[in-house]
Amino acid sequence: MLSGEAMTVLNARYLREGETPEKMFWRVAEYVAEAEAFHGGDKQAACQEYYDIMAGLEFLPNSPTLMNAGRKQAQMAACFVLPVDDSLGDIFDTLKHAALIHQSGGGTGFSFSRIRPKGDRISGTNGLASGPVSFLHVYDAATEVVRQGAVRRGANMAVLRVDHPDIEEFITVKRDRTVLNNFNLSVGITDAFMAAVAQDRSFALVHPRTGRTVRQVPARRLFDLMAAMAWENGEPGLFFLDTVNRANPTPHLGIFEAPNPCSEQPLLAYESCVLGSVNLAKMVAADGQGLDYDRLSGVVRRAVRFLDNVIDRNWYPLPAVAEATLRTRKIGLGIMGLADLFIMLDIPYGSKQAVLLTADIMRFITAEARRESARLAAKRGPFPAYPGSIYEHSIGPVRNATVTTIAPTGTISIIANCSSGIEPLFALAFSRHVLGGQVLASINPTVLAYLDKRGLLTADVEEAIKRQGSVRNTGLAYHVKQVLATAHEIRPVWHVAHLAAAQRYTDNAVSKTVNLPHKVTPQDVARIFSLAYRSGCKGVTVYRDGSRNQQVLVQGVAA
Ligand code: CDP
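Criteria and cut-off values
Residues numbered from 1 in each chain as written. Predicted model: local features only at pLDDT ≥ 70, side-chain atom pairs only at ≥ 80, totals over all residues. Heavy atoms only, no water. Salt bridge = Lys/Arg side-chain N within 4 Å of Asp/Glu carboxyl O. Helix = DSSP H or I, 4+ residues; strand = E, 2+ residues; numbered from the N terminus. Buried < 20%, exposed > 50% of the residue type's maximum accessible area, 1.4 Å probe, protein only. Axes fitted to C-alpha atoms, helices over the stretch in contact; angles between N-to-C directions. Parallel < 35°, antiparallel > 145°, perpendicular 65-115°, else oblique. Contact = heavy atoms within 4.5 Å. Nonpolar A, V, L, I, M, F, W, Y, C, P; charged D, E, K, R; others polar. Phe/Tyr/Trp six-rings, centres within 6.5 Å; stacked < 30°, edge-to-face > 60°. Lys NZ or Arg CZ within 6 Å of the ring centre and 35° of its normal.

Trainee: Before we move on, can you summarise the pattern of salt bridges with the specific residues and values?
Mentor: Overall, the coordinates contain 34 salt bridges when judged by the stated rule. Between R246 and D191 there is a salt bridge, with its nearest N and O atoms 2.8 Å apart. Taken together, the positions of R246 in helix 10 (residues 241-246) and D191 in helix 8 (residues 191-198) put the pair 55 residues apart, joining distant regions of the chain. With a relative accessible area of 58%, R246 lands in the exposed category. R220 is the salt-bridge partner of D200, the closest N and O atoms lying 3.8 Å from each other.

Here you go:
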């Protein structure tokens, strides 16, 4: 049932002493289904349903759920956001909280925007402030140490607003590639900044405490600096603050300042969110002509109940996290295996048809998930902060303030043996460095099946795939090369198109890297950033092929 790669990953971190994958899925199903009992539901039936969708690899929850369900401290959420205020006590309190969250298997996002800039006077001591970037290094060092005892390596996101006086230092800090390896960095971009860039105006950097203008900088110079750094190193990403906050379902509770580590989940201070993903490669209709939407609907409904139950069965690492999470009951159901689905349906990822399908799928999933959340609300009540939420004057009571998120699915897609999230295939054959150095090699089974079915799997083609991870230099027909095009062969605008199409119908955000060929210029990166903003994305991250020394995914299997 499970691939060799999946077994390697499961054995390394997920399975307990003597546990088989089947037992793991039972452990998770039973533990989560227990919530049905206190909501007056049928626990046994729910348990069987959860087991079936997980063991059938149709749906998997995020890693912390698979790892921790059934433990004494069953912390099952992947995503957290913590507030960082401008005092030493607050900064170190939050660091302690982050350490506890990492220890439990969660990732943390922070905004450092409230911290006073470097060189600012500190009134009590007459000393000079060291600025947000200096505290980033402290957080990074702490993460490095805690990671040894944690179930997995701690991951962090730091956001700094584009109008913070230390923004240039933040944008360029990772030029030194030895620092902040436990952090992803994103600049918090405002509409005002994008307008200043478009009009080539100067832009005010303001003191976060006093609101006074510290300096004026040409907006475009700042934007080009971000593009140049992202071109060089893949960072910073952009996080579009105003776009994100326009979609805030509970504005009466606060604003979004940062997302979780991989950017797919903007959260209010202390909120956590549990994610889960439907494997689209398992949703192809029997005639192979499209999706089996009835089946997809069934899986989505069960997945929503599952994730809502996780909230009740969860162990929360901090009282503030319990309080914030239980107030909004956000869940994040997403997809993986999208690239596999396109290949199975013989559609190129870089095509209008594929982009429309991405939008259709997410529109369907969000609508079905919302309906299920409304059904749950009818039985269990809406989320407590429902009064004052956007739902109060629109669709009425729902159990969860958000229902959909598209996660990277870095590990669960390996377990499900499908392509990750909404990413195209990175290579048709690849070796992966995972879990601290092991190399896993494989040739993509969807690709093999596609070629085999059409009688195209010649020795030459197989050899090309193994050597280059691509069919680019083979004699295969143009259409076949389009269908099997890898991430760097697909034009960047198609990456943005999928990101935007998915975002349009996703409550939270979408994790996706816009992969760029090595030869693009920093100006191309700037254009991608603008395009992502204009098309309504909540954030964007680029990666230029070969720009980092050690890549997570290496194209081609070493021959
Ligand atoms: O596939 P899996 O459930 O393991 O995780 P993912 O979809 O790749 O990542 C989802 C989220 O889990 C990330 O955005 C982080 O919030 C968190 N994460 C983490 O904290 N530490 C990691 N090493 C990987 C992911």
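That was the structure; now back to the text.
Trainee: Could you give me a rundown of the packing of helix 8 against helix 9 (residues 219-233), with the residues and numbers involved?
Mentor: Where helix 8 contacts helix 9, the axes come no closer than 8 Å and their chain directions differ by 105°. As summarised for this structure, helix 8 and helix 9 are arranged roughly perpendicular, according to the angle between their axes. Contact residues: helix 8 offers F193, M194, A196, V197 and A198, while helix 9 offers A219, R220, L222, F223 and M226. Of the residues in the contact of helix 8 with helix 9, the class split is 9 nonpolar, no polar and 1 charged.

Trainee: Give me the lowdown on the packing of aromatic side chains, citing residues and values where you can.
Mentor: According to the stated counting rule, one finds 16 aromatic pairs in the structure shown. Taking 5.1 Å as the distance between ring centres and 85° as the angle between the ring planes, the aromatic pair formed by F110 and Y139 counts as edge-to-face. On the criterion of sequence distance, the pair formed by F110 in strand 3 (residues 107-111) and Y139 in helix 6 (residues 132-146) is long-range, its members being 29 residues apart. Y139 matches F110 in its accessibility class, with the two residues each being buried. Relative to F183, the ring of F112 lies with its centre 6.5 Å away and its plane at 75°, an arrangement referred to as edge-to-face. Of the two residues, F112 is situated in the loop between strand 3 and helix 6 and F183 in strand 5 (residues 183-189); the sequence distance between them amounts to 71 residues. One aromatic cluster is present, formed by F110, F112, Y139 and F183 through successive ring pairs. Cation over ring: R363 sits above Y505, and NZ or CZ is 4.9 Å from the ring centre. For R544, the ring lying beneath its charged end belongs to W231, and the centroid distance is 3.7 Å.

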